[in-house]
Amino acid sequence: MMVRSFQGSRNGARLFGLATLVAALALIEWLVRIGVINRYVVPLPTQILASIPRIVAEENVLHRFWQTMQEVLWASLLLAVIGIALGALLYRFTILRQACETWVAALAAAPIVLAYPLFLVIFGRSATTIVAIGFAAGLAPVILKTVEGLTATRQVLIDVGRSFRLSAAQQFWKILLPAALPAVFVGLRLGLIFAMINIVGVEFLINFGGLGQLINELAERYDLPGTYGAICFVIATSIVFFACTERLERWLTPGQ
Amino acid sequence: MADLSTPRSAASAVPGSGGAMLDVAHITKRYRTAEGVTTAVDDMSFCVAPGEFVSIIGPSGCGKSTVFNIIGGLLGDYEGRVSVGGDVIAQTHPAIGMVFQEESTFPWRNVLDNVAFPLEIAGVAKQKRRERAAHFVAMVGLRGFERHLPAELSGGMRQRVALARTLASEPRILLMDEPFAALDEQTRLLLGDKVLQIQQELRQTTLLITHNLTEAVQLSDRVLVMTYRPGHLKREVAIDLPHPRDSEVVSSDAFGHYVAEIWHDLREEASRGIRADETRVLEAGTHR
């Protein structure tokens with residue numbers, strides 16, 4: 001009964017979210033039609049919807065969508081592997097944490113995308129540059145939230161591990177990391193947001209790759225409905241990745 | 001009732017004697033604080049015989065948890081000696097299984113996997129450890145809840161999971177630090193029954209740290225009363241209530257007599273503790 005009502009409330013929330021989106025689009029449509037919003041800056045939402053089949057057919061959107069997805073996927077994997085490892089290192093060595101934590105936090109605020117010429121020099125005009133910039137942009141939140149999650153592990157759980165004489169590696173894999181996972185996933189989601197913004201941004205800037213490049217081309221042609229349609233695919237990429245991380249988190253952290 | 005100076009009953013082992021399962025000899029623990037050195041535990045000695053259930057009771061701040069952590073091997077840098085079956089120990093020891101006051105189940109593991117945890121660490125094969133874990137889950141009365149996550153259980157059920165997990169490591173000494181402190185009185189009494197039943201079934205040597213008088217008398221063969229800080233043993237009370245025992249015993253005259261006797265000693269210490277706290281607060285206010 002409780003499960004059913006919970007499911008019901010979740011479906012209700014989804015429906016409410018969808019209804020809010022439709023209402024917002026309808027409002028924009030109305031404001032554009034009555035001239036409050038200039039239609040040369042913001043096209044009609046109905047025009048944007050109508051442009052989607054066109055850009056799918058003419059602009060090879062699905063291929064570009066897949067290209068961006070791949071870049072985001074690689075950046076996410078690097079963020080998970082390297083970001084969590086660096087976070088664990090900072091947790092393990094207090095002196096390292098005290099020395100670096102402020103710098104890592106400062107990195108989160110740094111406009112890394114502006115350093116794209118440097119990445120171009122190192123990696124060339126390739127997907128590697130885009131992935132590297134996305135990874136660098138998303139690294140700080142993953143490290144910081146990993147440290148936060150590990151530090152917040154309840155002492156009693158660590159004591160349970162000690163009472164069973166766990167080795168340092170067992171203590172990490174069996175207790176610290178599972179206990180820290182909810183915070184780690186918050187970091188991963190934040191990192192993913194930064195990574196995705198930067199990936200699409202760099203694709204746009206260097207006119208290479210997937211959706212960012214398409215947005216650049218369409219904007220240069222002043223095809224505004226098509227540009228906004230391509231942005232809808234960027235949002236779809238984001239939705240896919242968030243849904244995946246949410247499922248992964250639920251699978252890895254039952255009961256937390 | 002016996003003063004510490006008087007000889008103990010035959011059931012109880014004498015510190016330093018070969019027959020003790022757990023021998024705690026002259027432990028003293030001092031902490032360095034901003035105000036200077038504080039002695040938390042001062043020259044405490046006692047022992048627990050095989051199969052015996054001993055409780056340590058004392059007022060808040062008397063150093064009970066310090067004693068628990070020293071015996072469990074979680075706290076070092078103390079004077080004195082702790083031995084298990086004659087072997088002096090200096091850190092966590094496989095013979096000692098600990099149940100903590102705070103909720104300590106792993107929220108990401110279901111009941112069966114929580115209980116199987118020490119077996120997993122010991123490298124027991126998956127099928128075998130699941131069978132062993134199921135046995136201990138049943139022993140604490142949680143059959144049917146194997147697949148439940150701790151978040152789906154009550155506080156009392158979660159503490160039973162923690163108890164089963166410790167029992168699954170098959171310790172020679174079960175060391176418990178106020179495991180039912182967060183539970184209501186009725187649940188606490190009924191869980192006491194369960195602990196007694198398990199203790200009698202396994203003939204498990206048990207040391208319980210508690211501040212609860214009825215719990216100490218209900219469960220124990222002996223109760224050791226601690227003074228307020230610096231904590232040391234004030235008195236030892238042998239509980240001569242019949243076995244097998246359950247929570248019905250709380251309504252007997254003998255039970256009431258033991259509770260009154262222990263409270264007589266404890267009241268003085270608890271009052272000292274309250275006075276010390278009040279003085280500390282007043283002094284902190286003066287210095288502000």
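K.L.:
So what exactly am I meant to see when it comes to the pairing of strand β5 (residues 79–84) of chain B here?
P.N.:
Put simply, side chains in a regular strand alternate between the two faces of the sheet. Residues and elements named next belong to chain B. Where strand β2 (residues 22–33) and β5 come together, five bridges link them in antiparallel fashion. Looking at β5, one finds that Ala-25 is bridged to Arg-81. Bridging between β5 and strand β6 (residues 87–89) involves three bridges; their strand directions are antiparallel. Bridging across to β6, Val-82 finds its partner in Ile-89. Counted along the chain from β5 to the antiparallel partner β6, the turn is two residues long, and its residue Gly-85 has a positive phi close to 55°.

K.L.:
So what exactly am I meant to see when it comes to the sheet that holds β2 of chain B here?
P.N.:
Strand pairing in a sheet is mediated by backbone hydrogen bonds. Such pairs are either parallel or antiparallel. All names here are of chain B. Here we have four strands laid out as an open sheet, ordered β3-β2-β5-β6, and antiparallel in their pairing. Unpaired on one side and paired on the other, β3 (36–48) and β6 mark the two borders of the sheet. Strand-to-strand twist across the sheet, computed as the mean angle between neighbouring axes with direction ignored, equals 35°.

K.L.:
Teacher, can you tell me more about the packing of helix α7 (residues 155–163) of chain A against helix α8 (residues 168–206) of chain A here?
P.N.:
The angle between the axes and the distance between the axes are what describe a pair of packed helices. All names here are of chain A. The geometry of α7 relative to α8 is characterised by a closest axis approach of 10 Å and an angle of 165° between their N-to-C directions. On the basis of their axis angle, the class for α7 and α8 is roughly antiparallel. Classified by chirality, the crossing of α8 by α7 is right-handed. Mapping the contact onto sequence places Leu-157, Ile-158 and Gly-161 in α7 and Gln-171, Lys-174, Ile-175 and Ala-179 in α8. Here the contact of α7 with α8 is built from residues that sort into four nonpolar, two polar and one charged.

K.L.:
Can you help me understand the domain arrangement of chain B in this one?
P.N.:
Note: interface size is frequently given as the accessible area lost on complex formation between the parts. Residues and elements named next belong to chain B. You can read the domains of chain B as domain 1 (2–95 + 173–287) and domain 2 (106–170). The distance between the C-alpha centroids of domain 1 and domain 2 comes to 27 Å. The interface of domain 1 with domain 2 comprises nine residues on the first partner and nine residues on the second. If you tally residues by element for the side of domain 1 that touches domain 2, the top one is helix α6 (residues 185–202), at four residues. Here the side of domain 1 that touches domain 2 is built from residues that sort into seven nonpolar, one polar and one charged.

Cut-offs used in this document
Residues numbered from 1 in each chain as written. Chains lettered and ligands numbered in written order. Predicted model: local features only at pLDDT ≥ 70, side-chain atom pairs only at ≥ 80, totals over all residues. Pairing = 2+ DSSP bridges. Helix = DSSP H or I, 4+ residues; strand = E, 2+ residues; numbered from the N terminus. Axes fitted to C-alpha atoms, helices over the stretch in contact; angles between N-to-C directions. Parallel < 35°, antiparallel > 145°, perpendicular 65-115°, else oblique. Left-handed = near helix turned anticlockwise from the far one by under 90°. Contact = placed C-beta atoms within 7 Å. Nonpolar A, V, L, I, M, F, W, Y, C, P; charged D, E, K, R; others polar. Domains from an automatic or database assignment.

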